[in-house]
Amino acid sequence: MPALDPGRTALLLVDLMERIVALPLAPRPGTDVLAASARLADTFRDAGAPVVHLRVERPNTAVQPPGSELVPDLVADGDPVVVKRTVGGFHETGLHELLSGLGVTTLVLGGIATNLGVESTARAACDLGYDLVFAEDAMSALTADEHHASVALDFPRLGTVAPVAAITLDGPE
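The structure displayed is predicted, hence computed values, not measured ones.

**Re the overall build of the protein**
And step 1. Summing up its helical and strand segments, the protein has five helices and six strands in all.
And step 2. Its helices and strands in sequence order give the protein the pattern β-α-α-β-β-α-β-α-β-α-β, from N to C terminus.
And step 3. Taking 16 Å as the expected radius of gyration for a compact globule of 173 residues, we find that the protein reaches 15 Å, a close match to that expectation.
And step 4. Taken over the C-alpha atoms alone, the protein extends approximately 40 × 30 × 30 Å along its principal axes.
And step 5. Across the 173 residues that make up the protein, the buried fraction comes to 49%.
And step 6. In the protein, 82% of the contacts between residues at least 6 apart in sequence involve partners at least 24 apart.
And step 7. For the protein, the accessible area works out to roughly 7,800 Å², and carbon and sulfur atoms hold 53% of it.

Here it is, written out as structure tokens:
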């Protein structure tokens, strides 16, 4: 996979919240997803590319369930956090405007769950014209079959699927 342009690429991490990461996931546990996501986030920050976090909140409720915050130490100073109230990350969140303002045309996606928040966000991003890269080992689902269906059947139609180790950026702008 060719190196990505850090001036036009953002890492988008979906729903890496304590209560979601703690779920029984497959094909890999949430701790493995977090480790891969953290490595990828470091790569992006080192290259001067943005790391954007999505966090879901249940609509029409004043108090969110325990563990609804992003995992501690995942968000660095300056990383935008976008709150969504639907499965996908673009509906009425300002995410597209944020990314457009940063000059982003390519998104690298990771998070939980592969077939829900990640895939829904990816489909909307594709509709909006973003080029997509899926960090396969920086995501997981409630079952391995759900994860594999997205990765093997859907994501290749929307973009490029690659392991974290293959995703590189050209370097600082």
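**A word on the packing of aromatic side chains**
And step 1. In this structure the tally under the stated criterion is two aromatic pairs.
And step 2. An angle of 5 degrees between the planes, with centres 3.9 Å apart, marks the rings of F134 and F155 as stacked. Of this pair, F134 sits in strand β5 (residues 131-140) while F155 sits in helix α5 (residues 144-158), and the two are 21 residues apart along the sequence.
And step 3. For F155, a relative accessible area of 0% translates into the label buried.

**A word on a nonpolar patch on the surface**
And step 1. A surface patch of nonpolar side chains, amounting to about 330 Å² of accessible area, comprises L23, V87, L116 and L142.
And step 2. Among the secondary structure elements, L23 is positioned in the loop between α1 (18-21) and α2 (30-46).

**Overview of the nonpolar core**
And step 1. In this structure, L11, L16, L40, F44, V108, I112 and I167 are the most contacted members of the largest nonpolar core, which totals 32 residues.
And step 2. Secondary-structure elements contributing two or more residues to this core are β1 (9-14), α1, α2, β2 (51-56), β4 (106-112) and β5.
And step 3. Here this core gets six residues from one element, more than from any other, and that element is α2.
And step 4. In contact with I112, not counting residues within four places along its chain, are V14, D15, L16, I20, V21, L25, G30, V33, V118 and S140.
And step 5. Counting 22 residues, the second-largest nonpolar core is a separate cluster that includes L109, V118, A122 and V151.

Reading guide: rules and limits
Residues numbered from 1 in each chain as written. Predicted model: local features only at pLDDT ≥ 70, side-chain atom pairs only at ≥ 80, totals over all residues. Heavy atoms only, no water. Helix = DSSP H or I, 4+ residues; strand = E, 2+ residues; numbered from the N terminus. Rg over C-alpha atoms; globule rule 2.2 N^0.38 Å. Buried < 20%, exposed > 50% of the residue type's maximum accessible area, 1.4 Å probe, protein only. Contact = heavy atoms within 4.5 Å. Areas by Shrake-Rupley, 256 points an atom, 1.4 Å probe, with all protein chains shown as cover. Phe/Tyr/Trp six-rings, centres within 6.5 Å; stacked < 30°, edge-to-face > 60°. Patch = residues over 30% accessible without salt bridge, like charges linked within 9 Å, V, L, I, M, F, W, Y side chains within 5 Å. Salt bridge = Lys/Arg side-chain N within 4 Å of Asp/Glu carboxyl O. Core = buried A, V, L, I, M, F, W, Y, C linked by side-chain atoms within 4.5 Å.

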